[in-house]
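Geometric and topological summary
This is what each chain is made of:
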Amino acid sequence: MKIYISIPITGRPPEVAKAQAERLKRLIESKGHHAITPFEVCPEPDMPYSFYMGRDIEALLDCDAICLSMDYRHSLGCQLEKEAARIYKKRIIYEYDMDELEPINQ
């Protein structure tokens, strides 16, 4: 399963957000799934917010599921990604329920 990782980024130091994204990516991939972070989708610095959100939604639509970080409610971008996932019937996985993500036999 291909899973888009949704984390708050705006207003945070980039290294903190990147560390959170990488931690979730490692956890998801340890179960045999493919994870994609917003930083992989948009490595370009200093672009408008609309550019990043557009690329993130595009990446999400190419995934089977979304993983929402524990602090997603504090981010308008994460809330938008969650709503897009709901509308397009993507599986929604919450970080605090990650234990329920079934491992893939490799």
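Here's a quick rundown of the structure. Computed from a predicted structure; not experimentally measured. (Residues numbered from 1 in each chain as written. Predicted model: local features only at pLDDT ≥ 70, side-chain atom pairs only at ≥ 80, totals over all residues. Heavy atoms only, no water.)

1. What to know about the overall build of the protein chain
Note the threshold: Helix and strand definitions follow DSSP, with helices as H or I runs of at least four residues and strands as E runs of at least two, each counted in order from the N terminus. C-alpha atoms define the radius of gyration in this analysis, and the globule rule sets the expected value at 2.2 Å times the number of residues to the power 0.38. Summary of the burial criterion: residues with accessible area below 20% of their type's maximum are buried, those above 50% are exposed, and those between are partly exposed, where the area comes from a 1.4 Å probe applied to protein chains only. Residues are treated as being in contact if the distance between any of their heavy atoms lies within 4.5 Å. Areas reported here follow the Shrake-Rupley algorithm with a probe of radius 1.4 Å; residue values treat only the protein chains shown as occluding.
Along its length, the protein chain carries four helices and four strands. Each helix and strand of the protein chain, ordered N terminal to C terminal, gives the series β-α-β-α-α-β-α-β. Taking 106 residues into account, the globule formula puts the C-alpha radius of gyration at 13 Å, and the protein chain, at 13 Å, falls close to it. Projected onto its principal axes, the C-alpha positions of the protein chain cover 40 × 30 × 25 Å. In the protein chain, which comprises 106 residues, the proportion classed as buried is 42%. Taking all contacts inside the protein chain whose residues are at least 6 apart in sequence as the whole, residues at least 24 apart take part in 67%. For the protein chain, the accessible surface area stands at approximately 6,200 Å², while carbon and sulfur atoms represent 55% of it.

2. Some remarks on the pairing of strand β3 (residues 65-68)
When a strand is regular, its side chains alternate between the sheet's two faces. Applied cut-off: Strands were regarded as paired on the criterion that DSSP finds at least two bridges between them. By convention, a crossover is right-handed whenever its connection, traced from the first strand over the helix to the second and viewed with the strands pointing away, goes clockwise.
In β3, alternate side chains face the same way, and those of Ala 65 and Cys 67 on one face and Ile 66 and Leu 68 on the other are all buried. Where strand β1 (residues 2-6) and β3 come together, four bridges link them in parallel fashion. Within β3, the residue paired with Tyr 4 across the bridge is Ile 66. Where β3 meets strand β4 (residues 91-94), four bridges bridge the pair, whose relative direction is parallel. Residue pairing across strands places Leu 68 opposite Tyr 94, the latter belonging to β4. Considered for its hand, the β-α-β crossover made up of β3, helix α4 (residues 76-87) and β4 is right-handed.

3. Here's the deal with the nonpolar core
The tendency in soluble globular proteins is for nonpolar side chains to be buried as a group. Stated precisely, the cut-off is as follows: Joining through side-chain atoms within 4.5 Å is the link that ties buried Ala, Val, Leu, Ile, Met, Phe, Trp, Tyr and Cys residues into a set, and such a set is a nonpolar core.
In this structure, Tyr 4, Ile 36, Val 41, Leu 60, Ile 66, Leu 68 and Tyr 72 are the most contacted members of the largest nonpolar core, which totals 15 residues. When contributions to this core are tallied by element, the ones reaching two or more residues are α3 (49-61), β3 and α4. With residues near it in sequence (within four places) discarded, Leu 60 still touches Tyr 4, Ala 65, Ile 66, Glu 81, Ala 84, Ala 85 and Lys 90.

4. With respect to a nonpolar patch on the surface
Our working definition: Two distance rules govern patches: like charges are joined within 9 Å, and nonpolar side chains (Val, Leu, Ile, Met, Phe, Trp, Tyr) within 5 Å, applied only to residues with over 30% relative accessible area and no salt bridge. Note on definitions: salt bridges are taken to be side-chain nitrogens of Lys or Arg within 4 Å of carboxyl oxygens of Asp or Glu.
Judged by side-chain polarity, Leu 61, Ile 87 and Tyr 88 come together as a nonpolar surface patch covering roughly 300 Å² of accessible area. Residue placement: Ile 87 occurs in helix α4.

5. Re the packing of α3 against α4
For the record, the criterion: Here the axes come from fitting lines to C-alpha atoms, over the contacting stretch only for helices, and the angles between their N-to-C directions go from 0 to 180 degrees. To sort the angles, those under 35 degrees are grouped as roughly parallel, those over 145 as roughly antiparallel, those from 65 to 115 as roughly perpendicular, and the leftovers as oblique. Two helices that cross are described as forming a left-handed crossing if the nearer one is turned anticlockwise from the farther one by less than a right angle, and a right-handed crossing if clockwise. Only Asp, Glu, Lys and Arg are considered charged, only Ala, Val, Leu, Ile, Met, Phe, Trp, Tyr, Cys and Pro nonpolar, and every remaining residue, Gly among them, polar.
Two elements in contact, α3 and α4, have axes whose closest approach is 10 Å; the angle formed by their N-to-C orientations is 30 degrees. On the basis of the axis angle, α3 is roughly parallel to α4. The crossing of α3 and α4 is right-handed. Here Tyr 49, Met 53, Asp 56, Ile 57 and Leu 60 of α3 lie close against α4, whose contacting residues are Leu 76, Gly 77, Leu 80, Glu 81, Ala 84 and Ala 85. For the contact of α3 with α4, a count of residues per class yields eight nonpolar, one polar and two charged.

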